[in-house]
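Now for the letters of each chain:
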Amino acid sequence: MWEKISQSILVNNFVLRGLVLAAIFLAIIFTYLETQEGNISFVYNNF
Amino acid sequence: MVRKIASYLGSLLIAILVTVGVLSAYSHWLDQQLALLEHKRVVLDNGNRTKDQGLYLLQRSVRQGDFILVGTSELSSPVPQNPKNIFPNQELSLPINMVGRAYKQSLLDGIMLGAIPASDNTKMAMVVSMQWFFGGDIDKKGTQSNFSEIQYYAFMHNDAIPTESKQYASERLAKLLSGEGQVGAACLYAKLHSSDNVINVLGRSVLYPFYEGKYQLLLLKDKYNAYKFLRDAEEIDYEVKNLDWQQEQSKATAMGKEKCTNNSLYVYDEYYDKYIVQDWEKLEDDMSKEKLLDSKETDDYKFFLNMAVINNYKPYMIFMSANGWYYDYRGITKNTRYKLYDWLEHETTAKGFSYLDTRAYEYEPYFYCDVMHLGWKGWLYVGENISKHFGK
Amino acid sequence: MSIVEYGDFLALYIFGILLLPAVVLGCLGKRIKWYGMVVSIPVLYLLMGDRLKYFLLVAGTMVLVLFIYYRAYSKWKNKWIYYGTLALLILPVVEVKSAELVHIKSWAFLGISYFGFRIWQLVIEIHDGHIKEFKLADILYFVTFFPSVSSGPIDRYRRFQPECNEAIEGGTYVSKYLKPGAKKILLGMIYKFCFADLINQFWMSRITHEVTIASSVEYMYAYTLYLFFDFAGYSLMAVGTGYILGITLPDNFNKPFLARNMKEFWDRWHISLSKWFGDYLFSRVVLNLMRNKIVKQQKYAVRAGYMITMFTMGLWHGFTVYYLLYGLYEGLMLALSDMYIKSKAYRSHIKKPGYDWVSRAICFHVIAFGMLLFSGYLFV
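Residues numbered from 1 in each chain as written. Chains lettered and ligands numbered in written order. Predicted model: local features only at pLDDT ≥ 70, side-chain atom pairs only at ≥ 80, totals over all residues.

Asks: How would you explain the overall build of chain B if you had to name every residue and give the values?
Replies: Regarding its fold elements, chain B presents 16 helices and five strands. Taking 2.2 N^0.38 as the reference for a compact globule, 392 residues should give roughly 21 Å; the C-alpha atoms of chain B span a radius of gyration of 23 Å, in line with that estimate. Counting only C-alpha atoms, chain B reaches 85 × 50 × 40 Å along its principal axes. Across the 392 residues of chain B, 41% fall into the buried class. (Helix = DSSP H or I, 4+ residues; strand = E, 2+ residues; numbered from the N terminus. Rg over C-alpha atoms; globule rule 2.2 N^0.38 Å. Buried ≥ 20, exposed ≤ 12 C-beta atoms within 10 Å, placed from the backbone.)

Here you go:
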């Protein structure tokens with residue numbers, strides 16, 4: 001079902017695709033604005 | 001094929017435009033909210049990271065003409081005469097903004113001054129400790145925890161600062177920010193700006209869009225954090241204390257006497273129990289080899305003075321001496337200490353700034369509350385001198 | 001000073017710039033391998049940071065040992081050469097894990113644990129006769145392939161080697177590599193820089209470190225979700241980057257919380273790791289147990305195999321109490337799953353309506369408890 005939706009939105013309309021991309025960028029940036037220093041990802045805790 | 005590429009590039013372009021548009025609108029909204037909060041009076045403590053490692057709240061203090069007191073751990077001295085209780089007073093009635101924590105020394109303070117131009121009537125004082133000159137160089141971890149990426153970038157964007165100073169600061173940071181830690185991006189930037197060889201110039205151009213973007217994001221984040229702080233902080237009354245210095249001095253002596261009962265060094269009891277009594281024998285003369293004037297801190301201090309000159313600060317420098325009995329025992333003789341104070345005073349007057357010398361009080365009981373931090377009589381004495389200096 | 005792979009925006013920007021020529025090469029239908037190898041040099045330099053010298057020394061020596069082993073084994077197919085080489089090459093990772101316990105870092109470099117998997121795999125494949133030629137360039141590229149250097153996924157040489165030497169036609173590159181790769185990177189970014197960070201900032205980091213039943217339960221849920229988004233996000237970005245370089249790295253996660261039992265879970269979580277352990281440890285252990293008549297019935301051999309394999313996996317994470325317990329726990333859960341699936345009760349339950357959702361809910365809690373052990377929250 002997700003495939004169908006993403007296919008229809010993303011393949012056909014470059015404006016919509018641009019907006020979706022913008023939404024992703026903004027979500028990541030707004031998360032960045034909220035986070036404080038000192039939170040290290042697990043993945044990098046060990047060698 | 002070409003159509004496809006154009007369509008993808010078109011999407012990317014739209015994405016970038018929309019993102020930048022939304023962020024600009026948000027920044028504008030934050031500006032409006034901050035303007036509404038401009039006159040809210042709040043406590044500006046040291047140890048407030050949003051303030052001390054940011055830009056907006058410090059700029060706000062400069063704009064509003066607050067009294068800015070820069071220092072390190074002595075700002076948190078556990079005595080009632082702590083500056084937060086002495087200021088504002090009838091001689092210096094400006095609200096106080098205390099800035100700094102342990103290990104924030106000349107280099108980071110210099111960068112901070114370089115990042116934030118003073119106004120013509122900015123009143124700033126700074127406490128310098130002898131401990132900064134121990135050990136040859138600053139502690140890396142301490143520096144990293146006090147490091148402010150946004151102040152560093154703002155400093156680097158300040159055209160009034162000569163390239164040598166920027167390279168000096170960058171070279172120092174490249175060394176101090178290295179190793180494990182979360183300051184990788186800033187450390188790389190510092191490395192690239194330490195000198196002008198081919199690799200650095202190339203690296204700088206390639207990474208320029210990234211660091212500009214990051215700087216703008218950091219500015220936005222700083223505004224947002226400042227907004228949250230001002231919005232949520234308790235509004236305080238503006239209370240100007242009326243201090244009779246003489247009377248306060250007698251009170252201070254009495255308080256000190258009460259707290260220092262279990263030792264002959266005149267340090268408060270808990271401090272003696274926790275830090276001194278166990279290792280007392282080992283400490284004898286263990287610092288006799290320290291060469292205070294060989295420390296990198298001396299170059300950092302000169303850098304700091306240069307930044308003060310360039311950005312229009314006229315700092316009142318307070319040279320904190322130390323608990324004389326303790327440091328004599330540790331092997332840092334009066335001679336060594338006086339040489340440091342003389343050097344500091346010479347460099348400071350050469351730049352046209354005033355200072356307060358406290359060497360006469362190294363053996364004054366209750367001037368210090370422990371071996372290195374201003375105490376009951378000390379903070380009162382310093383507070384009185386600051387008030388009189390700026391009051392005239 | 002080092003950059004954290006997929007961990008900060010600087011890494012993403014640098015990778016983005018460095019991948020542009022790869023995209024151009026791919027669209028033009030050219031082989032990307034040589035560009036990939038050349039660009040590995042600055043990338044590994046930035047990622048390794050201060051430990052670069054350990055990387056060059058230790059990894060270099062291990063590849064040398066591998067080469068010597070290859071020559072020696074082709075001449076004399078002696079099982080002692082095989083086991084000896086394996087032991088020798090396991091040594092650096094053991095050293096690193098022991099050093100972590102006493103808090104001194106010795107030979108460690110970024111991704112040494114995963115580097116181990118790639119090298120050990122090569123030893124085993126040479127022993128099994130699947131690798132006929134020692135192509136140094138390909139082997140180096142495989143063991144140091146930078147998108148997956150810090151935390152996987154773990155690829156297979158037999159799959160990697162022909163693919164990296166292929167020149168993919170431009171149209172295929174765009175539709176089968178570039179587009180899916182870019183999508184994975186974007187999804188990975190949302191998982192890691194959005195969901196994981198939000199869970200950490202607003203939930204996980206606010207849970208008290210004083211261990212009580214209530215706090216442990218809460219931490220269990222928070223950590224499990226956090227770990228998934230963080231690790232799956234990282235893996236997606238790694239796989240996506242691989243795709244853009246013309247390598248279809250295997251996916252590491254496939255909707256793990258839809259698992260109805262622990263066997264299914266390990267087919268959906270850290271897939272490349274469980275497949276590696278499955279192929280190179282589990283199946284050989286089971287075969288050995290049965291061949292040497294240590295265990296008579298296959299089902300017992302399988303369950304013993306689970307315990308041994310998962311315990312080893314726990315050890316591989318580190319030599320701490322909680323990693324060992326985690327390994328034992330996962331082994332036990334797999335063995336119990338196996339018993340359950342072969343039981344009559346299972347056959348009747350599976351016919352009931354709502355079985356999928358009930359089993360998923362129960363399985364999620366089994367998974368989450370394992371993650372709670374893994375996090376070390378109860379021990380540190």
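Asks: Provide a residue-level description of the overall build of chain C, including the pertinent values.
Replies: Scanning chain C from terminus to terminus reveals 15 helices and zero strands. Relative to its length of 380 residues, chain C is compact, with a C-alpha radius of gyration of 22 Å against a globular reference of 21 Å. Looking at chain C as a whole, 43% of its 380 residues are labelled buried. Considering only intrachain contacts with a sequence separation of at least 6, the fraction spanning at least 24 residues in chain C is 70%. (Contact = placed C-beta atoms within 7 Å.)

Asks: Can you lay out the pairing of strand E1 (residues 67–70) of chain B for me, pointing to particular residues and giving the numbers?
Replies: All names here are of chain B. Across the two faces of E1 the burial is the same, with Phe67 and Leu69 and Ile68 and Val70 all buried. The sheet contact formed by E1 and strand E2 (residues 96–99) spans four bridges and is parallel. Each bridged residue has a counterpart across the sheet, and for Ile68 the counterpart in E2 is Asn97. Judged from the four bridges that link them, E1 and strand E3 (residues 123–129) form a sheet pairing that is parallel. When the sheet's bridge partners are listed, Ile68 is paired in E3 with Met124. (Pairing = 2+ DSSP bridges.)

Asks: Requested: an account of the domain arrangement of chain C, with residues and values cited.
Replies: Residue and element names in this part refer to chain C. Domain parsing of chain C yields domain 1 (32–164) and domain 2 (256–375). Computed from C-alpha atoms alone, the centre-to-centre distance between domain 1 and domain 2 is 28 Å. Contacts between domain 1 and domain 2 engage eleven residues on the former and eight residues on the latter. Elements with a minimum of two residues in the side of domain 1 that touches domain 2: helix H4 (79–101) and helix H5 (112–127). A class-by-class count of the residues in the side of domain 1 that touches domain 2 yields five nonpolar, four polar and two charged. (Domains from an automatic or database assignment. Nonpolar A, V, L, I, M, F, W, Y, C, P; charged D, E, K, R; others polar.)

Asks: Tell me about the environment of Met220 of chain C, and please be specific about residues and values.
Replies: Within the fold, Met220 of chain C resides in helix H9 (residues 213–244). Taking the C-alpha atoms as reference points, Met220 of chain C and Leu372 of chain C, 152 residues apart in sequence, are found 5.0 Å from one another.

Asks: Break down the sheet that holds E3 of chain B for me, citing the residues and quoting the values.
Replies: All names here are of chain B. Spatial strand order, E2-E1-E3-E4-E5: five strands in an open sheet with parallel pairing. On the outer flanks of this sheet lie E2 and strand E5 (354–357), each paired with one strand and no other. Taking each pair of neighbouring strands and ignoring which way they run, the sheet shows an average axis angle of 20 degrees. (Axes fitted to C-alpha atoms, helices over the stretch in contact; angles between N-to-C directions.)

Asks: Provide a residue-level description of the domain arrangement of chain B, including the pertinent values.
Replies: All names here are of chain B. For chain B, the assigned domains are domain 1 (1–36) and domain 2 (37–391). Between the C-alpha centres of domain 1 and domain 2 the distance comes to 40 Å. Taken residue by residue, the interface counts seven residues in domain 1 and seven residues in domain 2. For the side of domain 1 that touches domain 2, the class distribution of residues is five nonpolar, two polar and no charged.

Asks: Kindly report on the nonpolar core, identifying the contributing residues and their values.
Replies: Within the largest apolar cluster, 205 residues are counted, with the highest numbers of intra-cluster contacts made by Val128, Leu177 and Ile318 of chain B together with Ile119 and Tyr223 of chain C. The greatest single-element share of this core, amounting to 17 residues, is contributed by H9 of chain C. Not counting residues within four places of it along the chain, the set of residues in contact with Ile318 of chain B comprises Ala125, Met126, Val127, Val128, Leu356 and Val382 of chain B. (Core = buried A, V, L, I, M, F, W, Y, C linked by C-beta atoms within 7 Å.)

Asks: With reference to specific residues and values, describe helix H5 (residues 106–115) of chain B.
Replies: Residues and elements named next belong to chain B. Among the ten residues of H5, ten are classified as buried, and the element is accordingly described as predominantly covered. Turning to H5, its buried residues are Ser106, Leu107, Leu108, Asp109, Gly110, Ile111, Met112, Leu113, Gly114 and Ala115. Residues of H5 that are buried make contact with E1, E3, helix H6 (140–146), helix H7 (149–156), helix H8 (163–176) and helix H13 (297–310).

Asks: Account for helix H13 (residues 321–341) of chain C, naming residues and giving values.
Replies: Residues and elements named next belong to chain C. With 21 residues, H13 extends 30 Å from end C-alpha to end C-alpha; this agrees with the ideal 30 Å at 1.5 Å per step. What H13 keeps buried is the set Tyr322, Tyr323, Tyr326, Gly327, Tyr329, Glu330, Gly331, Met333, Leu334, Ala335 and Ser337. Buried residues along H13 sit in contact with helix H10 (262–265), helix H12 (298–317) and helix H15 (355–375). (Expected span 1.5 Å × (residues − 1).)

Asks: Please set out the environment of Tyr189 of chain B residue by residue, giving values where relevant.
Replies: For Tyr189 of chain B, the location among the structural elements is in helix H9 (residues 184–192). On a C-alpha basis, the gap between Tyr189 of chain B and Arg41 of chain B in space is 37 Å, while along the polypeptide they are 148 residues apart.

Asks: I'd like a description of the packing of helix H11 (residues 245–259) of chain B against helix H16 (residues 376–391) of chain B, backed by residues and values.
Replies: All names here are of chain B. As a packed pair, H11 and H16 sit with axes 8 Å apart at the nearest point and diverge in direction by 160 degrees. Taken together, the axis directions place H11 and H16 in an arrangement best described as roughly antiparallel. When you trace H11 past H16, the crossing you get is right-handed. Facing H11, whose interface residues are Trp245, Glu248, Gln249, Ala252, Thr253, Met255 and Gly256, H16 presents Trp376, Lys377, Leu380 and Glu384. (Parallel < 35°, antiparallel > 145°, perpendicular 65-115°, else oblique. Left-handed = near helix turned anticlockwise from the far one by under 90°.)

Asks: Give a detailed account of unusual backbone geometry, specifying residues and quantitative values.
Replies: In this chain, Phe87 of chain B is followed by Pro88 of chain B through a cis amide linkage whose omega measures -10 degrees. Position of Pro88 of chain B relative to the elements: it lies in the loop between helix H4 (83–86) and E2. At Tyr6 of chain C, a position not held by glycine, the phi torsion is positive, near 55 degrees. Residue position: Tyr6 of chain C is located in the segment before helix H1 (9–27). Look at Tyr6 of chain C and you get buried, because 27 C-beta atoms sit within 10 Å. Here His270 of chain C, not a glycine, exhibits a phi torsion of approximately 45 degrees, which is positive. The topology assignment puts His270 of chain C in the loop between H10 and helix H11 (271–291). Owing to 22 C-beta atoms within 10 Å, His270 of chain C belongs among the buried residues under this scheme.

Asks: Just give me the short version of the pairing of E3 of chain B, but keep the residues and values in it.
Replies: Residues and elements named next belong to chain B. Among the seven residues that make up E3, seven are buried, leaving the element largely enclosed by the rest of the structure. Inspection of the sheet shows E3 paired to strand E4 (residues 316–320) by five bridges, in the parallel sense. By the bridge assignment for E4, Val127 is matched with Ile318.

Asks: Give me the confidence of the model for chain C: which residues, what numbers.
Replies: On average, residues of chain C score 93 in pLDDT, and 100% of them are at 70 or above. Reported for the predicted complex are a pTM of 0.91 and an ipTM of 0.87. (pLDDT = per-residue confidence, 0-100.)

Asks: Please set out the environment of Cys369 of chain B residue by residue, giving values where relevant.
Replies: All names here are of chain B. For Cys369, the location among the structural elements is in the loop between E5 and H16. As for Cys369 and Tyr338, which are separated by 31 residues in sequence, their C-alpha atoms are 21 Å apart. In this structure Cys369 touches Ser77, Pro78, Val79, Val267, Tyr268, Gly375 and Trp376, once residues within four positions along its chain are discounted.

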